[in-house]
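As a plain string of letters, each chain reads:
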Amino acid sequence: MTTARPRGRPRSFHDKTDQNMVQSLDRALLLLRVLGEAGGLTLTELAQRTGSSAPTVYRALTTLQTHGFAEMEEPGQLWHVGGGAFRVGSAFLRRTKIVDRARQPMDRLMRLTGETANLGVEHRDQVLFLAQVETHEAIRAFFPPGTLGAMHVSGIGKALLAWMPPARVAAVVGEGGLARFTAQSHGDLASLTDDLDRTRARGYAIDDQERAEGMRCIAAPIFNAHGEPVAGLSISGPTFRIDLADTERLGALVQAAADEVTIATGGTAPRDRA
């Protein structure tokens, strides 16, 4: 006989009315998110960005500081995210073995290509970067863990979208839209769909200055046991080092590294994989 575990949520779980929201916690989490996005903000700046009074923000900050989630830098009295937030946030990475299994392939990929290697997943219709192995070059791409980006202008995002069902792609586009960041960005679903078709045909995606002028990214998907894309691995760097004429060679290296992680995590590439 096994004893049923207590339920993890109350019966009113789906009720999102104000009475089920802890307002002080809601404000503190908003404050923590603003700190994470900007960092190095004064009390006044935090109050303005969160729409709360300075005394309210200060009480929340001191509470977060007590638990190590926020800390103040004395010169200028600037507030930053504390080490406690990193330790708790790292629990997200422990939910999957992909980060651990991808470390060596990413390091090898960086050494073979000379460019920064990145690992990311889809999170709420965006790309969430989980890990990075930086190149030693002075000019390089930088996507620290925790960074979020639009999927349609990201190499990893397009590598994931290319193997998602069309309905899922339409849902992602419908939710986030197709904002244009550069002249190279896809501004409509038809253009993006054509790109995703080419991505599946060759086995890897190319972000050709679609998010930032002068930067290119080549990415390939990582699959689970059901052949579904669950993560993406990429290299990114300036266009003067990642030449379009060299994308076939670099794409093969990125695809091989992604396939290595797929196999290491018990995944299987779908049959239409190039």
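Above this text is the structure in question.
Keep in mind the model is a prediction, meaning the values are calculated, not measured.

(A) Up close: the pairing of strand β1 (residues 70-73). Two elements, β1 and strand β2 (residues 78-81), share 4 bridges in a ladder whose sense is antiparallel. Opposite Glu73, over in β2, you have Leu78 as the bridge partner. Remark: 4 residues form the turn of the hairpin made by β1 and β2, two consecutive strands paired antiparallel; Gly76 in that turn has positive phi of roughly 90°.

(B) Fine view of the sheet that holds strand β4 (residues 126-133). Read from one edge of the open sheet, 6 strands run β5-β4-β3-β8-β7-β6, paired in antiparallel fashion. Each edge of the open sheet carries a strand with a single partner, namely β5 (148-150) and β6 (205-208). Strand after strand, the sheet turns through a mean of 35° between neighbouring axes, direction not considered. Here β6 runs beside strand β7 (residues 215-223); their pairing, made up of 4 bridges, is antiparallel. Across the sheet, Asp208 pairs through a bridge with Arg216, a residue of β7. Seen against the sheet, helix α9 (residues 247-264) touches β6, β7 and β8 (229-238) and runs at an angle of roughly 30° to β7.

(C) View of the environment of Gly187. With respect to the helices, strands and loops of the structure, Gly187 is situated in the loop between α7 (166-176) and α8 (189-202). Here Gly187 falls in the partly exposed class, since its relative accessible area comes to 36%. The spacing of Gly187 and Gly177 is 10 residues in sequence and 8.9 Å in space, taken between C-alpha atoms. Apart from residues no more than four positions distant in its own chain, Gly187 is found in contact with Leu178 and Arg180.

(D) Seen up close, unusual backbone geometry. One non-glycine residue with positive phi stands out, namely Arg124, at about 55°. If you trace the backbone, Arg124 turns up in the loop between β3 (116-123) and β4. Relative accessible area serves as the criterion here: at 72%, Arg124 is assigned to the exposed category. Positioned with a positive phi, Asp125 is a non-glycine residue whose angle comes to about 70°. Mapped onto the elements, Asp125 comes out in the loop between β3 and β4.

(E) The arrangement of the packing of aromatic side chains in detail. Under the defined criterion, the tally for this structure stands at 1 aromatic pair. Residues Trp163 and Phe223 carry aromatic rings whose centres are separated by 5.8 Å and whose planes lie at 85° to one another, so their mutual orientation is edge-to-face. With a gap of 60 residues between them, Trp163 in the loop between α6 (155-161) and α7 and Phe223 in strand β7 connect regions that are remote in the sequence. Across the pair, exposure class does not vary: Trp163 and Phe223 are buried alike.

(F) Spatial organisation of the packing of helix α5 (residues 98-113) against α9. For the pair α5 and α9, the least separation of the axes is 9 Å and the interaxial angle reads 160°. In terms of their interaxial angle, α5 and α9 are classed as roughly antiparallel. In the packing of α5 onto α9, the handedness of the crossing is right-handed. Where α5 abuts α9, its residues Ile98, Arg101, Ala102, Pro105, Arg108, Leu109, Leu112 and Thr113 lie against Leu250, Leu253, Val254, Ala257, Glu260, Val261 and Ala264. Counted by class, the contact of α5 with α9 contains 11 nonpolar, 1 polar and 3 charged residues.

What counts, and at which threshold
- Residues numbered from 1 in each chain as written.
- Predicted model: local features only at pLDDT ≥ 70, side-chain atom pairs only at ≥ 80, totals over all residues.
- Heavy atoms only, no water.
- Pairing = 2+ DSSP bridges.
- Helix = DSSP H or I, 4+ residues; strand = E, 2+ residues; numbered from the N terminus.
- Axes fitted to C-alpha atoms, helices over the stretch in contact; angles between N-to-C directions.
- Contact = heavy atoms within 4.5 Å.
- Buried < 20%, exposed > 50% of the residue type's maximum accessible area, 1.4 Å probe, protein only.
- Phe/Tyr/Trp six-rings, centres within 6.5 Å; stacked < 30°, edge-to-face > 60°.
- Parallel < 35°, antiparallel > 145°, perpendicular 65-115°, else oblique.
- Left-handed = near helix turned anticlockwise from the far one by under 90°.
- Nonpolar A, V, L, I, M, F, W, Y, C, P; charged D, E, K, R; others polar.

The quantities given are spatial measurements derived from coordinates; they are silent on function.
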